[in-house]
Amino acid sequence: MSKNVLSFALAAALALTATAAYADTLADVKAKGYLQCGVTGGVAGFSAPDANNNWSGLEVDFCRAMAAAIFNDPNAVRYTPLTSQERFTALSAGEIDVLSRTTTWTMSRDTQLGISFAGTMFYDGQGFMVRKADGIASAKDLSGAAICIESGTTTELNAADYFAANGMEYNAVVFVDQDEVVKAYEDGRCDVYTTDSSALASERSKFANPDDHVILPEIISKEPLGPVVRQGDELWFKIARWTYYALLEAEELGVTQANVDEMLGSDNPAIKRLLGVEGDFGTALGLTKDWAYQIVKHIGNYGETYERHVGPNTPIGLARGLNALWKDGGIQYAMPIR
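Criteria and thresholds
Residues numbered from 1 in each chain as written. Predicted model: local features only at pLDDT ≥ 70, side-chain atom pairs only at ≥ 80, totals over all residues. Heavy atoms only, no water. pLDDT = per-residue confidence, 0-100. Contact = heavy atoms within 4.5 Å. Phe/Tyr/Trp six-rings, centres within 6.5 Å; stacked < 30°, edge-to-face > 60°. Helix = DSSP H or I, 4+ residues; strand = E, 2+ residues; numbered from the N terminus. Buried < 20%, exposed > 50% of the residue type's maximum accessible area, 1.4 Å probe, protein only. Disulfide = S-S within 2.5 Å. Core = buried A, V, L, I, M, F, W, Y, C linked by side-chain atoms within 4.5 Å. Salt bridge = Lys/Arg side-chain N within 4 Å of Asp/Glu carboxyl O. Patch = residues over 30% accessible without salt bridge, like charges linked within 9 Å, V, L, I, M, F, W, Y side chains within 5 Å. Areas by Shrake-Rupley, 256 points an atom, 1.4 Å probe, with all protein chains shown as cover.

Caption draft 1: The confidence of the model for the chain, seen in detail. A residue-level look at the chain finds 93% of positions with pLDDT of 70 or above and a mean pLDDT of 93. Of the regions scoring below 50 in pLDDT, residues 1-6 engages in seven contacts with residues more than four places distant in sequence or in other chains. Contacts for the low-pLDDT stretch residues 16-20, under 50 throughout, to residues beyond four places or in other chains number four contacts.

The structure is reproduced here in structure tokens:
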């Protein structure tokens, strides 16, 4: 068996025992005083450390939002960098409390690993990056190309499907870690780098000469990326899910980090419920009634964290697209707090 299959099998086996062992994650997290968050080794805009090992990114902000809801402290988080092969095993084994690491929601993961996806923080799709000097304008021109791919990912499977469906050959140059994939591409060991389009934009922004590289127009897959928790702890799952919804609901209602205190005096019933002024929606989650206020006060809303880390005014420069709110032409949609 390959290392990838072994990792998947081990995660599945651990999932069988995880339910009983981790049935009160909130109590465990409160007892130790921090949230343990599984992240990437470093994907700019999503989860990456700076020179002082301070983590930031869209997915890091999700963990910080959970910590704000639980502790009224967005910094009550510790980060565990994980490879694609390590992530599900680490979650099932209880080494982390939540996985927020560019992880695609698929049926096999959702049904075989004892895990649950709390929502989709970023709707993505797989693409291809090439060197501008090679003059390639379309993925249909990649037949026979050497393609750098990270193993143990949906990327590997999607590439195989795409080339088979289009009757093209390719040479997969496979690596265990994404940093190895990027270095191999930079060193010229392959013609093409393929992964989620957001990650391509992230890595391209870090190149010495970003304009020397082109992301091709084709998107070959659906990659809904979202935070993941273990199955078997319904309360913890709901805390993660409603943290995600609170970020979206705040944006839809126009509640921002800057105006959240002013919004406490709003006459809008939906804003009152969101911020805990009217009703108590936190107790059912094991949290305080102002849990969502704490999220917005410390983190902002979904749009703010998107613009802060990956939006058009960042080096990554991603338009909202599908990640815009439903009322703005996207598909991000929060369930109502009522």
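Caption draft 2: Main features of the packing of aromatic side chains. Per the counting criterion, the structure on display carries 14 aromatic pairs. Measuring from centroid to centroid gives 6.0 Å for F122 and Y306, while their planes differ by 10 degrees, and the two rings are stacked. Note that F122 is positioned in strand β7 (residues 122-124) and Y306 in helix α13 (residues 302-309), a separation of 184 residues in sequence. Across this residue pair, the class does not change: F122 and Y306 are buried. Relative to F163, the ring of F128 lies with its centre 6.2 Å away and its plane at 90 degrees, an arrangement referred to as edge-to-face.

Caption draft 3: Structural view of the state of the cysteines. Within the structure shown, the criterion is met by two disulfides. A sulfur-sulfur separation of 2.0 Å characterises the disulfide bridge that pairs C37 with C63. Sign of the S-S torsion, about 55 degrees for the bond between C37 and C63, identifies this disulfide as right-handed. A residue pair is termed long-range when its members are at least 10 positions apart, and C37 in strand β1 (residues 35-39) and C63 in helix α3 (residues 58-71) qualify at 26 residues. Across the pair, C63 and C37 agree in class, each one buried. A disulfide bridge connects C148 with C190, and the sulfur atoms are separated by 1.9 Å.

Caption draft 4: Examining helix α12 (residues 291-299) more closely. Judged by how many residues are buried, α12 sits mostly within the fold: seven of nine residues are covered. Those residues of α12 that fall on the buried side of the exposure criterion are W291, A292, Y293, Q294, I295, V296 and I299. Residue G300 follows α12 closely and has a positive phi angle near 95 degrees.

Caption draft 5: Just the nonpolar core, in detail. Judged by nonpolar contacts, the single largest core of 61 residues is most densely connected at W236, V255 and W291. No other element matches helix α9 (residues 234-253), which puts 11 residues into this core. Among all residues touching W236, those that are not within four sequence positions of it are T25, L26, V29, L35, M66, I70, D97 and V229. The next biggest cluster of nonpolar side chains, apart from the first, holds 14 residues, and it includes A159, Y162, F163 and V192.

Caption draft 6: Inspection of the pattern of salt bridges at higher detail. As enumerated under the stated definition, the model contains eight salt bridges in all. For D97, the salt bridge is made with K32, and the minimal N-O distance between the two is 2.9 Å. With D97 in the loop between α4 (87-92) and β5 (98-99) and K32 in helix α2 (residues 25-32), this residue pair connects regions lying 65 residues apart in the sequence. For R64, the salt bridge goes to D61, with nearest N and O atoms at 3.2 Å. Of the two residues, R64 and D61 are both situated in helix α3; the distance of three residues between them amounts to about one turn of the helix.

Caption draft 7: Structural context of the environment of V296. Mapped onto the secondary structure, V296 falls in helix α12. Classification of V296 as buried rests on a relative accessible area of 0%. Distance from V296 to A65, taken between C-alpha atoms, is 8.0 Å for residues 231 residues apart in sequence. Ignoring anything within four residues of it in the chain, the contact list for V296 reads A250, V255, T256, Q257 and V260.

Caption draft 8: Local environment of a nonpolar patch on the surface. On the surface, a nonpolar cluster with roughly 310 Å² of combined accessible area is contributed by W326, Y333 and M335. Turning to its location among the elements, Y333 is positioned in the segment after α13. Classification of Y333 as partly exposed rests on a relative accessible area of 44%.

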